[in-house]
Structure formats: structure tokens, C-alpha cells
Amino acid sequence: MNKILFFAHLRDAVGEETIQLDLNGKTVAELKEFISEKYEIALTNVMTAINEEFASDEEVIQQGDAIAFIPPVSGG
Amino acid sequence: MNKILFFAHLRDAVGEETIQLDLNGKTVAELKEFISEKYEIALTNVMTAINEEFASDEEVIQQGDAIAFIPPVSGG
Amino acid sequence: MDDRYSRQTLFPHIGIEGQEKIRTKHVLMIGAGALGSGNAEILTRAGIGKLTIVDRDYVEASNLQRQQLYTEEDVEAKLPKAAAAAKRLQAINSEVQIHAVITDATPEKMEDLVEGVDVIIDATDNFETRMMINDISQKHQIPWIYGGCVGSFGMSLTVIPGKTPCLNCLLKTIPIQGMTCDTGGIIAPAVQMVISHQSAEVLKILVEDWDAVRTSFVSFDLWRNQYSSMKVSKAKDSGCLSCGENRTYPYLDSENMMKSTVLCGRDTVQIRPPHQHDIHLGDLSRQLKALGYSVKGNPYLLSIEMEEQRLVIFKDGRALIHGTKDLTQAKAIYQRLLG
Amino acid sequence: MDDRYSRQTLFPHIGIEGQEKIRTKHVLMIGAGALGSGNAEILTRAGIGKLTIVDRDYVEASNLQRQQLYTEEDVEAKLPKAAAAAKRLQAINSEVQIHAVITDATPEKMEDLVEGVDVIIDATDNFETRMMINDISQKHQIPWIYGGCVGSFGMSLTVIPGKTPCLNCLLKTIPIQGMTCDTGGIIAPAVQMVISHQSAEVLKILVEDWDAVRTSFVSFDLWRNQYSSMKVSKAKDSGCLSCGENRTYPYLDSENMMKSTVLCGRDTVQIRPPHQHDIHLGDLSRQLKALGYSVKGNPYLLSIEMEEQRLVIFKDGRALIHGTKDLTQAKAIYQRLLG
């Protein structure tokens, strides 16, 4: 299983801080597409961390990996 | 083995951010006494966290527990 | 005022030697809003040699809740932020050389502004300017520190040319998204926490303690009690157009800048973003409605009613701002709502 | 100024309703130094109904590096901090009722000060006053927020009577240690980060969003890039003398307060801490020497040379401060060096 953590407005859109999914062998891009459709949110520009390390859209998720989605914000 | 993490001026006194010791079965008080003598630092008022949870001096350390020493500071 | 920096020189990583370095350095601050005013105050109190503050805006009532250099008097006088900031900063520390520049930071102006600068602090409210800062930083080998916040959420990244990945390595493009301080609101504690991270990094760079510089992307949410530190060294991309082997500095090219035009006789400005990005209109509409805006739409566009203007945004990112002929104001409205 | 709080009411966890609550609440701030001035500015900008600021000190040059409400003019005028703070805060927001109290916060005075107060913010520089705040908080069921910092290190804890453990559950006693802003120095970013945590918690409490209140002890080091969040619910001690079943509020008893006496005809003040604690003199000596103090000692005492005074500290915590007859000054010197 994999834990997926949502930050900021993504958390509100999803309605929970974390969800659990089995993602072994899936890419970050595939996960983004699934989440995007299920929760109707745009994840195109959102950064992904796997086990607290930056991950590209091509990266393949392993059993037990913790994934976090961090949306860049522009306010200042 | 156990990882021991030092914050603030304790880190400077010890010279490293973390050290490794085998502490299975030891109490926090025993660990404090050992560290106090070895590095010549006062740990009486220092707070202890075991696995990111507050621990009293009587608590017994288990195999694999991560211990952190957090000195309360008074500046403001 | 002999004793002025004593608590800072007592800090072993700065010391007398570090203080001397701080006194000879020049920091360039792009933006004098929430992040800008807080960072400027810390650096001025810390005894920076020279501080250049660039801002295009003037002080408004809605700034006072979080922009720490400004008072009710500045709002009444409609003072430009850079000028109001300079006035307060000089009262705080008359030893510091404050250079206030009231302008919109364009690539051309940036080329002049970075002359002799040691660090650039990002205190802007949009990614277009940030990506330009990112390119300028790489071109002139000047470190810069990204900061952003909205609601109770904030983030920061330190970019050291030749050492860390750059913002373009991480984001690949200018993000379009509907969550800014003008839509999601902002609380002052989140602003201050970004400032804490940015200003600590600036001090490390000024005293040349390179080993201490943060190499992770920090983000946090103070209301939800979240804090995350993401390692980014793996993100460094040798194909990056801003910092890679065949770099072109795309965001210094005015072709890639936002275009704004007054539509003749219509009291309307058209804004065209540099790249065609499809916007998720349904998503944007939900966000804006949740925040109390009156939003109407169809599959091709959204129409958003504001106090004195109306903004119509098309799926490709192009927008019409009705009710103004002021290009800078229109651009600012667009960036506020769309980041 | 209609638009004044718009970015705060846009934040969904505050909203119009939360803003109305903030406007009717009263915050008591003990201390107007670094943490006090920053917290006071955020709350004033946020539109707090009433803010009472208590401080015994006046503005000095060495404060300017991190105490954000004060200017060079305040140093020259030697203004009391509470008065200088009130002046600046009113210029920032004339709608807020600011109550400046220039006094040393004693248990007797605190009994009057807490009347009608919704939250107490700790902005003191010593644990004796903090433990008194902790007892007052429990006695009157008023939440308080601990904040402390030194160097690049800081920490915060939110105490909600009847819900969370109190500071006495965690510390059991007043810590004696040799690391304060006057010995380890302090950088402004660390101050601001503590303020961020404290002020976010205050806002949550003011809008009564109890579920959002932080239940962990936060500590961080901005120079070393450390951040830790320690769960404390297990620390709640039913035998605690401040919040337990048989509570006695030990720190409201003047028997437990620090005693200071002018030694007749000697231009010296004696300070006697409330409890006999053996101090590790070797450790204290090393720390003070590392920070540049001239320290001499023997197994029974240390002698520390300061600019105008000399402090002699004995193993049991008792001290003589030579070169002053001013009790408040002597007490302040003692607390600065020994926390």
C-alpha cells in the first residue's frame, strides 16, 4: 500500500489529508491522472515528493513509498 | 541500536547532530547520566522525546527507538 | 548605537567577522508586499550594507493586515510601497543604504538592477516574475530565494547557481492556478514563517556559510500543523533551459512575457499569457465561487465580477479586463487572480 | 479602511464570522521584547479588539536588531518598551484598543491583568515569569502560548487548561541554564519563526477553531535546518502542582519568587533564586567563555566581568551583582545570563 499526502488547497479538494492506495509499479503521471479525474483537481503543475525526495512524472512508485503532492503557490 | 539526536547548544557540546548507541532496556535517566558525564553537559532540565513523543526520565528505551534531547530555552 | 548588533555578533555563526561581511553586501528585493516588507525589515535591522527594493504598487488598506512596514498614514497618502518602505527602514536604521525603485521589474530593468548584487530575494506575487528572477540569477551567478504563501500555507527554496537545481528544474513551466492571496486569503503568521526561512538563508549566504544553506524545498501549513522538507538535489536537470548545458534563459526573452494591450475605445485591457496553457475552467470557477466571487461561465470562458472591473478569462489563458485602461493595473489584477 | 481585513476574511478558517470574533477579544502580552513586539504587530494588524502589553524595560540600541516596533528615535528617547510599542501600534491600526502597562509582572499584578482576557502570550525572557503565567493560566482557565528562542533555535507550546499538559508537567521545575539571548546571541529569523507559531495559535483560539490548535511541542533550528514536532499528550501529569488534581499553583506563591536585596553600602545586589538548584559551574563557565565573557572561577563560584557590573554566581544559584543598587536591573542581568 501507499500513503498519499495532500497539502494546502489540494487537501480541501480531496477532503482528507491522506489517502491509501496500492500504487506499486505505477508512474507519478498515472497517479496524477487518476487523482485528477477522481477529485476533479488540476495536478499538472503540482510537485511530487516520494519519501521526502523530489520525483518527476516518470518516476515509478514502489511498494510502501509515501507520496506527497505540493502545489507551488504564488502569493507574496 | 538507537539514534540520539541533539538540538541547539547540546549539538555543539557533543560536536555532532546524532550519535548511535545500544540502549535497549536502559532508562532515559541512565542515558542522561551517561551523556552528561561523557560530554560534560548538564541534562537535568532537558526534555526527552522518544520517537517524537515526550518521555519521562523513568521511561525504558527499546531497540530501535530514536531519542532526541531538546533543551528548553528562555530567550524572548 | 555601538551595542546595536551585539546579539547578532554573539551568535557564533555570524560573529564580528560575519557582521563585517553583512555590512559590505548588497541585497536586491523584488517586491515590497508582505514578504518584501518583512524581509526588508530584518535585513535593515541586521545591518545590511545596501538594500535595493523594487515595487510597482502603492499602499492600500487591504495591505495593512500583513505588510509590516506600512501604516494608516501611508494608505491615506497612497504612497508607493517602495517609498513608504524606505521611509520606515531609514527610521529603523540610518546606517543602511536604502535604494527604492518604483517600477515594474522587467528583464531589461533587471539587467541593470543586479549590478553588484550578492543575493536576490523573491517577494513577488506571481510566477512570471519569479521565473525571470530565476533566469537572471543563473545568467549572473547570483543566489536567489523563492518564497510564496497563500492562506496558512507557505514554501521556500534556496537557489545557488552551479550548485542546486533551479526553480525551472522543479516546475518546468509557469504554473497556472487559481489560488493566490486575493482568492485564498492569507494570514500574517504564514507570511512571517516564509520570511523566517528566506531571511535565515540570506544571512547564511551573506556571511558565506555555504555548508549551512538549506538544500531542501520547505513547505508548511500553520493552520493544519503540517511541515515538510523535500530533498531536491535529484531534480537538477542538465537539459534545463535556465540552468542546464544548453541554456537559453527563456524568461528573459520578452517574447515569453505576458502581453497586455488596451482595446481601443472600450475601457478594456487584453492580457495574453506568454504560453498557451489550457486552464481547467471548472476547477477555477469552483475555487473562485467558494471564495465569494460572482462567477458565470460556459465551456469556453469564465466571467468574474469584481468591485470595479469585470474579468473574462478564456480557456487558453487569455483575458479581458473591463473597466480599466491601465495596463499595469490590469496585469496586476490578472496575476492576483491567476497567480 | 473598509477593505482592511479582506485577505483575512477570505481565509476560510477565519471568514467574516471569525473576524467578528477577533474584534471582540482581549489578548494579554507579557513582555514587549522580540517576541512581544512581533506578536503585538500581527495581532494589531489582524484587528484584535484589545491588546494589553506588559513590560518592565526601556528601548536600548541592542534591541533594534530584532525588536520590530522600535526605531533609533525610541532608543534616543529611552522610551519604555510598552509605551514605544503602543505608539507604533496605534499608527498601524487606530481601531485597536492598546493598553500599555509599564511594570514588572508579579503574581499580584497578574491577578488584576487577566481580568476578561481570552489568551495570554508569553513574550518573556525567563522561566520564572513563564511558570507564573502557567499557574495563572490554570487558575483562571485561560489558554497561553509559550515561546522561546536563542541563537537560531526556537520553540513553542500551546497550553489549553483542562485539555493539554501544562509547562510544569513538561519541565517539573524552573530550568537553570546558561544559554540566553545575552549569551548565545539571537538572529531575527528565529524570533520571527517562533512568532509565526505563537500568532497562528492565537488566531485559532480567538476564532475558536479548537480542533486546529497544535497539540505538539515544536522546536526548530533555522541555521542547522532542523524541525521537530514532539507529541506531548502523554506528559499530562495528574500529580502536577500547577494543573493536577491537588494543585497548589506554586509559582503564584511569592515564597517561590526570586529574592533580590541591596547589600547595604556596597553598591551590590544579592539575588537568591526561589529553589536551591546546584549549577554545573564548569559547564556554565565554558559557555560564557566561548561567548567572549571574561570568566574566573573556583569550585564554589564563578566571577563574570560585564561592561559596568561584575556578577558572582555561587554553586547554589545565589548571585551578587556588583556595580548597581537597582533591584530590577540586577534581576534582569541575572535572568539574562542564567535564563
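Given the structure is predicted, the values throughout are model-derived calculations rather than measurements. (Residues numbered from 1 in each chain as written. Chains lettered and ligands numbered in written order. Predicted model: local features only at pLDDT ≥ 70, side-chain atom pairs only at ≥ 80, totals over all residues. Heavy atoms only, no water.)

Comments concerning the environment of Ile 195 of chain C
All names here are of chain C.
Next up, step 1: Structurally, the position occupied by Ile 195 is in helix α10 (residues 188–206).
Next up, step 2: Classification of Ile 195 by relative accessible area gives buried; the value is 0%.
Next up, step 3: A C-alpha to C-alpha distance of 14 Å links Ile 195 and Phe 217, two positions 22 residues apart in sequence.
Next up, step 4: Other than its neighbours up to four places away in sequence, Ile 195 contacts Ala 34, Leu 35, Gly 38, Asn 39 and Ile 42. (Helix = DSSP H or I, 4+ residues; strand = E, 2+ residues; numbered from the N terminus. Buried < 20%, exposed > 50% of the residue type's maximum accessible area, 1.4 Å probe, protein only. Contact = heavy atoms within 4.5 Å.)

Brief notes about the packing of aromatic side chains
Next up, step 1: All chains considered together, the criterion is met by 13 aromatic pairs over all chains.
Next up, step 2: Taking 5.9 Å as the distance between ring centres and 35° as the angle between the ring planes, the aromatic pair formed by Phe 6 of chain A and Phe 69 of chain A counts as tilted. Here the residue Phe 6 of chain A occupies a position in strand β1 (residues 2–6), and Phe 69 of chain A occupies one in strand β5 (residues 66–70), the gap between them amounting to 63 residues. Both residues of the pair, Phe 6 of chain A and Phe 69 of chain A, belong to the buried class.
Next up, step 3: Ring pairs connect the aromatic residues Phe 127, Trp 144, Tyr 146 and Phe 217 of chain C, which therefore count as one cluster. (Phe/Tyr/Trp six-rings, centres within 6.5 Å; stacked < 30°, edge-to-face > 60°.)

So, the nonpolar core
Next up, step 1: Counting 106 residues, the largest nonpolar core has Leu 51 and Ile 53 of chain C together with Leu 51 and Ile 53 of chain D as its most contacted members.
Next up, step 2: In contact with Ile 53 of chain D, other than residues within four places in its own chain, are Met 29, Gly 31, Ala 32, Ala 40, Ala 82, Ala 85, Leu 89, Ile 98, His 99, Ala 100 and Val 101 of chain D. (Core = buried A, V, L, I, M, F, W, Y, C linked by side-chain atoms within 4.5 Å.)

Quick word on the side chain of Glu 72 of chain C
Next up, step 1: Considering the arrangement of structural elements, one finds Glu 72 of chain C in helix α4 (residues 72–76).
Next up, step 2: Residue Glu 72 of chain C is classed as buried on the basis of its relative accessible area, which comes to 12%.
Next up, step 3: A distance of 2.8 Å separates a polar atom in the side chain of Glu 72 of chain C from the backbone nitrogen of Ser 94 of chain D. (Polar contact = N/O pair within 3.5 Å; in protein donor to acceptor, adjacent residues only side chain to side chain.)

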